[in-house]
Amino acid sequence: MNSKKITLLVWGFASLSAGLILFVSFVGGFKKNPGFYLPITIVYIVLGGLLAIRNPKNAIGWIFLISIFLLVSNEVMVWYTKLGLEVNPGSLPAADVVAAVMGLFEYLGYGLLLIFPFLLFPNGQLISRRWRPVLWFAGAAFVFLGIDIFHPGPLSAFPDWENPL
């Protein structure tokens, strides 16, 4: 991929994440303190974008961009499900499905952000081959967390609703 396509991809991805942040901030969807999370999210978007443009082969910039996108998408899903399941039940289509899937986005976003940059710092590659089992173990843990969205019974975030998956 040439540098123009990479730049377009990175800033398109960053713009999409920033737009979702503004949307969530506008509708008051942050479940935690927006005064703390909003600046950190913007810093990760800019830092990830700059790293991905300067050195596209370094995985850390891409990890920052993808993890922030997943976390901000999770916040949009939280807002959507609260509106569709608690505020006006049945008003939004598939709000229960979104509620079942939103935990996966949060697990993947935090996992990417908190584990993989430390394993791949500073050049986007493992320090040595001996770290591969740690990387594979972290990847397998995310797969098992992803399988958890199919558990039967009530949803963890909305216990009054059954998991439709």
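A. Structural view of the layout of surface pockets. Each pocket or cavity is described by its volume, and for the second largest pocket that value is around 220 Å³. Lining the second largest pocket are 14 residues, and of these Ala99, Ala100, Gly103, Tyr107 and Ser156 lie nearest its centre. For the lining of the second largest pocket, the element with the most residues is helix α4 (residues 95–114), which contributes 6 residues. In terms of residue class, the lining of the second largest pocket is built from 7 nonpolar, 5 polar and 2 charged.

B. Layout of the nonpolar core. Counting residues in each nonpolar core, the largest one holds 25 residues, and the members touching the most others are Phe116 and Leu120. Taken together, the elements giving at least two residues each to this core come down to α1 (3–27), α2 (34–54), α3 (59–87), α4, α5 (116–120) and α6 (132–147). With 9 residues, α3 is the single largest residue contributor to this core. Excluding residues that lie within four positions of it along the chain, Phe116 makes contacts with Ile63, Gly111, Leu135, Ala138, Gly139 and Phe142.

C. View of the packing of aromatic side chains. As enumerated under the stated definition, the model contains 4 aromatic pairs in all. With a centroid separation of 5.1 Å and 50° between ring planes, the pair formed by Phe13 and Phe69 is classed as tilted. Residue Phe13 is located in helix α1, and its partner Phe69 is located in helix α3; the two are separated by 56 residues in the primary sequence. Overall, the relative accessible area of 25% leaves Phe13 in the partly exposed class. Here the aromatic rings of Phe116 and Phe142 are separated by 5.9 Å at their centres, their planes lie at 35°, and the arrangement is tilted. Residue Phe116 is found in helix α5, and its partner Phe142 is found in helix α6; the two are separated by 26 residues along the sequence. The same class applies to Phe116 and to Phe142, which are both buried.

D. Inspection of a nonpolar patch on the surface at higher detail. Taken together, the side chains of Val97, Val143, Phe144, Ile147, Phe150 and Leu165 make up a nonpolar region of the molecular surface, amounting to roughly 580 Å² of accessible area. Of the residues forming the nonpolar patch, the biggest block, 3 residues, is contributed by α6. The topology assignment puts Phe150 in the segment after α6.

E. Seen up close, the packing of α1 against α3. In contact at an axis separation of 9 Å, α1 and α3 are set at 30° when each is read in the N-to-C sense. When the axes of α1 and α3 are compared, the pair comes out roughly parallel. Between α1 and α3 the crossing geometry is left-handed. Contact with α1, carried on its side by Ile6, Leu9, Val10, Phe13, Ala14, Leu16, Ser17, Leu20, Ile21, Phe23, Val24 and Val27, involves Trp62, Leu65, Ile66, Phe69, Val72, Ser73, Glu75, Val76 and Trp79 of α3 and no other residues of that element. Within the contact of α1 with α3, the residues separate by chemical class into 18 nonpolar, 2 polar and 1 charged.

Cut-offs and rules
Residues numbered from 1 in each chain as written. Predicted model: local features only at pLDDT ≥ 70, side-chain atom pairs only at ≥ 80, totals over all residues. Heavy atoms only, no water. 1 Å grid on protein atoms, 1.4 Å probe; cavity = no way out; pocket = protein on both sides within 12 Å on 5 of 7 lines; lining within 4 Å. Points joined across faces, edges and corners; volume = space filled by probe spheres on them. Helix = DSSP H or I, 4+ residues; strand = E, 2+ residues; numbered from the N terminus. Nonpolar A, V, L, I, M, F, W, Y, C, P; charged D, E, K, R; others polar. Core = buried A, V, L, I, M, F, W, Y, C linked by side-chain atoms within 4.5 Å. Buried < 20%, exposed > 50% of the residue type's maximum accessible area, 1.4 Å probe, protein only. Contact = heavy atoms within 4.5 Å. Phe/Tyr/Trp six-rings, centres within 6.5 Å; stacked < 30°, edge-to-face > 60°. Patch = residues over 30% accessible without salt bridge, like charges linked within 9 Å, V, L, I, M, F, W, Y side chains within 5 Å. Areas by Shrake-Rupley, 256 points an atom, 1.4 Å probe, with all protein chains shown as cover. Salt bridge = Lys/Arg side-chain N within 4 Å of Asp/Glu carboxyl O. Axes fitted to C-alpha atoms, helices over the stretch in contact; angles between N-to-C directions. Parallel < 35°, antiparallel > 145°, perpendicular 65-115°, else oblique. Left-handed = near helix turned anticlockwise from the far one by under 90°.

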